[in-house]
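Residue-level listing of the chains:
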Amino acid sequence: MTLPDLDDLIAEVDRTCDSAHRPGGQDQPDWLALLTVAAGISGQLQALADDLVEDYVEHCRMHGVSWADIGAALGVTRQAVQQRFHAPHKRYTPEMLTEGLRQAMTHMKRAAVQHRNNYLGTEHLLYGLTAEEDDVPENTAIHLLRAVGASPEKIHRAVESRLSWGASQAAERIAWTPFSRKAIAIAEERATQGGSSALIDCDHLLLGLAQIGRGLAATVLSEVGITLEVLEEAVVQGRSAVVSPQGS
């Protein structure tokens, strides 16, 4: 993997900034606009770097590595690394989820266990959201995907073909990756927009995966032309078409 150097990043700023050059052939570019774009790109890179480190810290903890050893690897004290990474992760109980999402969660965790993964990544989430059973009503993520002309079955197969095999023997210690936790947090925010007691549904989690735009799920969705904007437009145009069927 070749990391971008400074020249690459400067070129990206110039390419991204629509107002980088003033009209009329003036010599001086809009330096403030360029700075704004540069700061945005810098923030995205920093967030990605933080997510990378957090993911490996989480896996170290899952495999019994001490906070002291993790701090030493990062060049900081045990106290510092605990303060940064030891924030408790919110747990989502079944009572917070619709029946459709609970069923999808079963598929997500089953896929992780079967592939001996000790984590629940965005790929597992999308796999579960697009799983169908004859005796289970379609979930709202599947309704939403079909509303935008996508094939849930095709997406499901694409994710399944990319699930990696691990060597975990501790299925009970499966943990959500940082991107997955962000996706479910976004899903909760979207659910509560309809009221504080609203349950998190499959379409909320699908929107969360599209919104973070990272991870294998985002890659698969983008390959079939599914973006956050496409999904949100479908929600606005026909929200009633993607709500859970009554009595599920």
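Since this is a predicted model, take the numbers as computed values, not measurements. (Residues numbered from 1 in each chain as written. Predicted model: local features only at pLDDT ≥ 70, side-chain atom pairs only at ≥ 80, totals over all residues. Heavy atoms only, no water.)

1. Quick look at the overall build of the chain
Point 1. Scanning the chain from terminus to terminus reveals 12 helices and two strands.
Point 2. For the chain, the α and β elements follow one another from N to C terminus as α-α-α-α-α-β-α-α-α-β-α-α-α-α.
Point 3. Evaluated residue by residue, the chain yields a buried proportion of 38% over its 248 residues.
Point 4. A separation of at least 24 residues holds for 67% of the contacts in the chain among residues at least 6 apart in sequence.
Point 5. Element-wise, carbon and sulfur atoms account for 54% of the exposed surface of the chain, whose accessible area totals about 14300 Å². (Helix = DSSP H or I, 4+ residues; strand = E, 2+ residues; numbered from the N terminus. Buried < 20%, exposed > 50% of the residue type's maximum accessible area, 1.4 Å probe, protein only. Contact = heavy atoms within 4.5 Å. Areas by Shrake-Rupley, 256 points an atom, 1.4 Å probe, with all protein chains shown as cover.)

2. Remarks on the side chain of T130
Point 1. Inspection of the secondary structure puts T130 in the loop between helix 6 (122-129) and helix 7 (140-147).
Point 2. With a relative accessible area of 3%, T130 lands in the buried category.
Point 3. Only 3.1 Å separates the side chain of T130 from the side chain of H156, close enough to count as a polar contact.
Point 4. Setting aside its immediate chain neighbours within four residues, T130 contacts I142, L145, P152, I155 and H156. (Polar contact = N/O pair within 3.5 Å; in protein donor to acceptor, adjacent residues only side chain to side chain.)

3. Things to note about unusual backbone geometry
Point 1. Despite not being glycine, R116 has its phi angle at roughly 55 degrees, a positive value.
Point 2. Tracing the backbone shows R116 in the loop between helix 5 (99-114) and strand 1 (119-120).

4. What about the layout of surface pockets?
Point 1. Here the second largest pocket defines a volume of roughly 310 Å³.
Point 2. D51, D55, T177, P178 and F179 are, among the 14 residues lining the second largest pocket, the residues nearest its centre.
Point 3. Those elements giving two or more residues to the lining of the second largest pocket turn out to be helix 2 (31-62), helix 6, helix 9 (178-192) and helix 11 (215-223).
Point 4. It is helix 2 that contributes the most residues to the lining of the second largest pocket, five residues altogether.
Point 5. Of the residues assigned to the lining of the second largest pocket, the class counts are six nonpolar, five polar and three charged. (1 Å grid on protein atoms, 1.4 Å probe; cavity = no way out; pocket = protein on both sides within 12 Å on 5 of 7 lines; lining within 4 Å. Points joined across faces, edges and corners; volume = space filled by probe spheres on them. Nonpolar A, V, L, I, M, F, W, Y, C, P; charged D, E, K, R; others polar.)

5. Details of the pattern of salt bridges
Point 1. Inspection of every chain in the model, using the stated rule, returns 10 salt bridges.
Point 2. Its salt-bridge partner being D51, residue K182 comes within 2.8 Å of it at the nearest N-O pair. Placement of the pair is K182 in helix 9 and D51 in helix 2, with a sequence separation of 131 residues.
Point 3. The salt bridge partner of R146 is E153, with a shortest N-O separation of 2.7 Å.
Point 4. For E153, a relative accessible area of 31% gives the class partly exposed.
Point 5. In this structure, a network of salt bridges that share partners links the residues D51, K182 and R214. (Salt bridge = Lys/Arg side-chain N within 4 Å of Asp/Glu carboxyl O.)

6. Let's talk about the packing of helix 7 against helix 8 (residues 152-160)
Point 1. In the contact formed by helix 7 and helix 8, the axes pass within 9 Å of each other and the chain directions differ by 110 degrees. As far as their axial angle goes, helix 8 and helix 7 are roughly perpendicular. Facing I142, L145 and R146 of helix 7, the residues of helix 8 in contact are P152, E153 and I155.
Point 2. Of the residues belonging to the contact of helix 7 with helix 8, the class tally is four nonpolar, no polar and two charged. (Axes fitted to C-alpha atoms, helices over the stretch in contact; angles between N-to-C directions. Parallel < 35°, antiparallel > 145°, perpendicular 65-115°, else oblique.)

7. Notes on the nonpolar core
Point 1. Core analysis: the biggest nonpolar cluster contains 41 residues, and L101, M108, L126, L129, I155, L205 and L206 have the highest contact counts within it.
Point 2. Mapped by element, the contributors of at least two residues to this core are helix 5, helix 6, helix 7, helix 8, helix 9, helix 10 (202-212), helix 11 and helix 12 (228-237).
Point 3. Per-element accounting of this core gives the leading share, seven residues, to helix 10.
Point 4. Not counting residues up to four positions away in its chain, the partners in contact with L126 are I155, V159, L206, L209, A217, V220 and L221.
Point 5. Membership of the second largest hydrophobic core comes to six residues, among which are C17, L34, V37 and I41. (Core = buried A, V, L, I, M, F, W, Y, C linked by side-chain atoms within 4.5 Å.)

8. A word on helix 12
Point 1. Residues of helix 12 that are buried: L228, L231, A234 and V235. Along the axis of helix 12, the buried residues cluster in a sector spanning 135 degrees; they form a single face. Every exposed residue of helix 12 that faces more than 90 degrees away from the buried side is listed here: E229, V236 and Q237.
Point 2. Buried residues along helix 12 sit in contact with helix 7, helix 9 and helix 10. (Arc of directions from axis to C-beta.)

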